[in-house]
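A look at the structure
Below are the chains, spelled out letter by letter.
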Amino acid sequence: MDTKKSMSVSTRASDPQAALTESSAGLLRELVAHLRQNRTQLREEWARRITRAELLTAMTEEEIFAEATAVYDNYVEALETGTFEALQAYSRRLSERIIPRGVETDEVVGIVLLLRDVLARSLFNKYQDNVEKLNRILDSYEPAANRIANTVAVGFVEERERIIRQQQEAIRELSTPVLQVRERLLILPIIGVIDPQRARQLTEQLLRAIRANRAKVVVIDVTGVGDHRRRPERNGHGRRPAGRYRRGGAVARRPCRDARAPSRSRTWHGTHPLAPPPAPAEDAVEVPILRQGQYLIASIQSALTDADLSHLREALIAQVGRSRCRGVIVDVTALDVMDSFAVRTLRDITHMARLRGAETVIVGIQPDVAFAMVQLGLTLKGVATVLDLEEGLAFLDGRTKERVVESKPKKPSSRG
């Protein structure tokens, strides 16, 4: 027995690094015991510091305290075991919950540094009479604390980048909608600039749609390709160059008026059939309006602001007059929310188009949207709604035939 003890003592004396490691492990065990013993006090202090520093403002105090509890326990476990897999997994789950609520990276790093500060102050208070031991504990604690802070920050950034990639992919999907107009007939409206990445994604999406719908014909509308929001150049007086105006993206020549003829001012009340729609704001969302035979199709692919909805209404009514169409289809399949202004705008489009001789039908209202509209008392009274685009076209075909029949003069009945 004495021989084994002497061998152990001689091994430690010959390997100072092993002795130092064992001493550091012992200090960490003592540190973990202190953190577990004072868990409630330290956790509450940390939550108060987070609130005072105005971090995680998107969360309530109860939510902050619940998350602080979980982070604290994972923090102490990482110190005790020296492994960070559980902390990494929790960091990813936490990031999934708080990133959609607008929490930024600096806030996450800030709360971890605040926890490190709270724990350090607790150690100062406990070992203020033993400076040598305090220094040794801090030497053992700081490397582990730094690694924990780095693990949480990296996990948050990786999750944030993953969400951003998903959002970018969703935006690209919305920017290249493939619409089935009729059986085996697809329309692909393209708006904006086509870069190599978008061209590749557009091609893949179109091929998938062709295969899924067994399409035979694809119509690609490139009206909106390029700088579709470019406004006419103006001269030094802030006016357009004389004799030129833009209509539908092309430059047309205005007939010259005799200089001797008296000028006549003309004011259009409402939207004139030959007048272009008002120019959208720089950050507005442009809704593609496609012509399919004698019908117009407006496919809404993302959420619209009130200004975007107003511009869509004006653009649609102006297009009805210019194209002399018989029907309008508004596709709202991509909308997961419809507020009172959106419902009112759809009603306005329907009534205005009817006054100009065109029927309107709304297609693609989602089940959740329909349920919410009923719960909120939002109705589309006087507006035709059908399930999808194909049924919308069939509905307009039927209404057009009815109007043609009604417009034919009735033959007088002959009586003997």
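The structure we're discussing is the one just above.
Heads up: these notes are all about the structure in this document. If you're wondering where the values come from, they're calculated on a predicted model, not measured in any experiment. (Residues numbered from 1 in each chain as written. Predicted model: local features only at pLDDT ≥ 70, side-chain atom pairs only at ≥ 80, totals over all residues. Heavy atoms only, no water.)

What follows covers empty space enclosed by the protein. In total, this model carries 4 cavities of 30 Å³ or more according to the counting rule given. Approximately 80 Å³ is the volume found for the largest cavity. Forming the boundary of the largest cavity are Trp46, Ile50, Leu56, Met59, Ile64, Glu67, Ala68, Val71, Leu94, Ile98 and Ile111. Going through the elements one at a time, helix 3 (39-52), helix 4 (61-81) and helix 5 (85-98) are the ones with two or more residues in the lining of the largest cavity. Top element by residues in the lining of the largest cavity is helix 4. It accounts for 4 residues. Residue classes in the lining of the largest cavity are distributed as 10 nonpolar, no polar and 1 charged. (1 Å grid on protein atoms, 1.4 Å probe; cavity = no way out; pocket = protein on both sides within 12 Å on 5 of 7 lines; lining within 4 Å. Points joined across faces, edges and corners; volume = space filled by probe spheres on them. Helix = DSSP H or I, 4+ residues; strand = E, 2+ residues; numbered from the N terminus. Nonpolar A, V, L, I, M, F, W, Y, C, P; charged D, E, K, R; others polar.)

Our focus in this paragraph is a nonpolar patch on the surface. Judged by side-chain polarity, Ile194, Ile220, Val222 and Val225 come together as a nonpolar surface patch covering roughly 310 Å² of accessible area. Looking at the secondary structure, you find Val225 in strand 3 (residues 217-225). (Patch = residues over 30% accessible without salt bridge, like charges linked within 9 Å, V, L, I, M, F, W, Y side chains within 5 Å. Areas by Shrake-Rupley, 256 points an atom, 1.4 Å probe, with all protein chains shown as cover. Salt bridge = Lys/Arg side-chain N within 4 Å of Asp/Glu carboxyl O.)

Pairing in this open sheet of 5 strands is mixed, and the strands run 6-7-8-9-10 from one edge to the other. In the strand order of this sheet, the two ends are held by strand 6 (289-292) and strand 10 (384-386), each with one partner. The mean angle between the axes of side-by-side strands here comes to 25°, regardless of whether they run parallel or antiparallel. As paired strands, strand 6 and strand 7 (residues 295-299) are joined by 4 bridges and run antiparallel to one another. Residue Gln292 lies in a different strand from strand 7, and its bridge partner there is Tyr295. Here helix 9 (residues 306-323) sits on the sheet in contact with strand 6, strand 7 and strand 8 (327-331), set at roughly 160° to strand 7. Across the face of the sheet, helix 10 (residues 340-355) comes into contact with strand 8 and strand 9 (359-363) while running at roughly 155° to strand 9. (Pairing = 2+ DSSP bridges. Axes fitted to C-alpha atoms, helices over the stretch in contact; angles between N-to-C directions. Contact = heavy atoms within 4.5 Å.)

In this section: helix 4. If you check helix 4, its first and last C-alpha atoms are 30 Å apart, about what 21 residues at 1.5 Å a residue would give, namely 30 Å. Every buried residue of helix 4 is listed here: Ile64, Glu67, Ala68, Thr69, Val71, Tyr72, Asn74, Tyr75, Val76, Ala78 and Leu79. Positive phi shows up at Gly82, right after helix 4, with a value of about 75°. (Expected span 1.5 Å × (residues − 1). Buried < 20%, exposed > 50% of the residue type's maximum accessible area, 1.4 Å probe, protein only.)

So far we have only geometry, and geometry alone does not tell us how the molecule works.
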